[in-house]
Amino acid sequence: MQEALRDGAGLAWPPCPLPHADDDVQPHVLHVLPDLGPDPHWVCEESGTAAAPLGALGATAS
């Protein structure tokens, strides 16, 4: 789904809602890790920090 949005509409989704100490960090997305298996989470592609469990991203974004 993420690739389809990026390629078809030019959208980066979902945008990373986490604060970053480096102000030069460009807007970026979250990825689901692990792709398969137990306990998947949305993870920041820049820092590797877990942002939210899969299915709970809207509850943590502000």
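Let me sum up the structure you'll find in this document. (Residues numbered from 1 in each chain as written. Predicted model: local features only at pLDDT ≥ 70, side-chain atom pairs only at ≥ 80, totals over all residues. Heavy atoms only, no water.)

So, the overall build of the protein chain
Stage number 1. Tallying secondary structure elements over the protein chain gives two helices and three strands in all.
Stage number 2. Scanning the protein chain from its N terminus toward the C terminus, one meets helices and strands in the order α-β-β-β-α.
Stage number 3. The burial tally for the protein chain puts 21% of its 62 residues in the buried class.
Stage number 4. Split by element, the accessible area of the protein chain, about 4500 Å² in all, is 57% carbon and sulfur. (Helix = DSSP H or I, 4+ residues; strand = E, 2+ residues; numbered from the N terminus. Buried < 20%, exposed > 50% of the residue type's maximum accessible area, 1.4 Å probe, protein only. Areas by Shrake-Rupley, 256 points an atom, 1.4 Å probe, with all protein chains shown as cover.)

Focus on a negative patch on the surface
Stage number 1. Together, Asp22, Asp23, Asp24, Glu45 and Glu46 make up a region of like negative charge exposed at the surface.
Stage number 2. By the element assignment, aspartate 23 lies in the loop between helix 1 (2–9) and strand 1 (30–33). (Patch = residues over 30% accessible without salt bridge, like charges linked within 9 Å, V, L, I, M, F, W, Y side chains within 5 Å. Salt bridge = Lys/Arg side-chain N within 4 Å of Asp/Glu carboxyl O. Lys, Arg positive; Asp, Glu negative; His and termini not counted. Charge placed at Lys NZ, Arg CZ, Asp CG, Glu CD.)

Comments concerning the sheet that holds strand 1
Stage number 1. Read across the open sheet, the three strands follow the order 1-2-3; overall the sheet is antiparallel. Edge positions in the sheet fall to strand 1 and strand 3 (50–53), since each of these pairs with one other strand and no more. On average, adjacent strands in this sheet sit at an angle of 30 degrees to one another, irrespective of strand direction. (Pairing = 2+ DSSP bridges. Axes fitted to C-alpha atoms, helices over the stretch in contact; angles between N-to-C directions.)

What about the pairing of strand 1?
Stage number 1. Taking every second residue as pointing to the same face, the buried face of strand 1 carries Leu30 and Val32, while none of His31 and Leu33 on the other face is buried.
Stage number 2. Here strand 1 pairs with strand 2 (residues 41–44) via four bridges, running antiparallel. Pairing of leucine 30 across the sheet is with cysteine 44, part of strand 2.

Concerning the nonpolar core
Stage number 1. Of all hydrophobic cores here, the largest spans eight residues; its members are Cys16, Leu30, Val32, Trp42, Cys44, Ala51, Ala52 and Leu57.
Stage number 2. Of all the secondary-structure elements, those providing two or more residues to this core are strand 1, strand 2 and strand 3. (Core = buried A, V, L, I, M, F, W, Y, C linked by side-chain atoms within 4.5 Å.)

Some thoughts on unusual backbone geometry
Stage number 1. In this structure, the amide linkage connecting leucine 33 to the following residue, proline 34, adopts the cis form with an omega of -10 degrees.
Stage number 2. With a phi close to 55 degrees, aspartate 39 is a non-glycine residue in the positive phi region.
Stage number 3. Looking at the secondary structure, you find aspartate 39 in the loop between strand 1 and strand 2.

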